[in-house]
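# A look at the structure
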Amino acid sequence: MAEIGYVRVSTNEQDTALQRDSLAKCEKIFEDVISGAERNRPGLEECLAYLRKGDTLVVWRLDRLGRSLRDLIDRIAELEARGVGFRSITEQIDTTSSGGKLVFHIFGAMAEFERNLISERTKAGLEAARKRGRVGGRKRKLSPEQVATVRKLYAEKEKSLAEIGELFGVSKWTIYGAVKRPSD
């Protein structure tokens, strides 16, 4: 049952000393010099692979670990499923304690609430647009008249999908979609 540290800075010009000092009690510390927006962080991946059941991952601040609240919640839920605790020194969150778990679950509930609100607003906006006669989605590459011609050429079986696509300046997959799509 060890405390394992993770530090991250975004550029080589930044110093990890403050973070490393706060993690001085950790048995081992992993490090990345990479933007938090990057999903692939070699130091973090190595750290996660190193952690064992009963260990605690320690970071100086929450933003060192996650790119967003959702990413952070997913990572910590993954740790919890593996029996690994999490502690953030600055925010004083410790999922190895009951209070820390409560705080973290509140974060998770708030993130889910935010996702649901965004979804509801998006659906309401699309419905309002439909009522005004606007149709969502990408504009079709072929007009209804062109689709009729494509279907006729395809039915004659004299040209391949690719050849028909060349005639209309679109991919064979666009032609395939037009042929297989129910009549508009």
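Owing to the predicted nature of the structure, the values given are computational and were not obtained by experimental measurement. (Residues numbered from 1 in each chain as written. Predicted model: local features only at pLDDT ≥ 70, side-chain atom pairs only at ≥ 80, totals over all residues. Heavy atoms only, no water.)

## A closer look at the nonpolar core
Where we set the bar: Nine residue types can take part in a nonpolar core, namely buried Ala, Val, Leu, Ile, Met, Phe, Trp, Tyr and Cys, and a core is a set of them joined through side-chain atoms within 4.5 Å. Between buried and exposed lies partly exposed: a residue is buried under 20% and exposed over 50% of the maximum accessible area for its type, with that area taken using a 1.4 Å probe on protein chains only. A run of DSSP states H or I qualifies as a helix once it reaches four residues; a run of E qualifies as a strand once it reaches two. Both are numbered from the N-terminal end.
Grouped together as the largest cluster of nonpolar side chains are 21 residues, with contacts concentrated most on Tyr6, Cys47, Leu51, Leu57, Leu65, Leu79 and Phe86. Within the residue set of this core, elements represented by two or more residues are β1 (3–9), α2 (42–50), β3 (56–59), α3 (69–81) and α4 (98–131). Counting residues per element, this core draws most heavily on α3, which supplies four residues. Leu142, Val147, Leu153 and Ile175 belong to the second largest nonpolar core, which has nine residues in total.

## Digging into the packing of aromatic side chains
Centre distance and the angle of the planes are the two values used to describe a pair of aromatic rings. Selection criterion: Centres within 6.5 Å are what make two rings of Phe, Tyr or Trp a pair, Trp counting through its six-membered ring; a difference in plane orientation under 30 degrees is then read as stacked, over 60 as edge-to-face, and the rest as tilted. Put simply, a charge is over a ring when the Lys NZ or the Arg CZ is close to the ring centre, within 6 Å, and near the line of the ring normal, within 35 degrees.
Applying the stated criterion to the full structure yields two aromatic pairs. Taking NZ or CZ as reference, Lys28 lies 5.7 Å from the ring centre of Tyr50, over its face.

## Comments concerning the pattern of salt bridges
To keep things clear, this is the line we draw: Any Lys or Arg side-chain nitrogen located within 4 Å of an Asp or Glu carboxyl oxygen qualifies as a salt bridge.
Here the structure, examined in full by the defined rule, presents seven salt bridges. In this structure, Arg20 engages Glu31 in a salt bridge whose closest nitrogen and oxygen atoms are separated by 2.8 Å. In this pair, Arg20 sits in helix α1 (residues 17–22) while Glu31 sits in strand β2 (residues 28–33), placing the two residues 11 residues apart along the sequence. Given the relative accessible area of 31%, Arg20 is considered partly exposed. Note that Arg61 and Asp63 form a salt bridge whose closest N and O atoms lie 2.8 Å from each other. Taking the relative accessible area as the measure of exposure, Arg61 reaches 32% and is therefore partly exposed. Taken together, the shared-partner salt bridges connect Arg61, Asp63 and Arg64 into one network.

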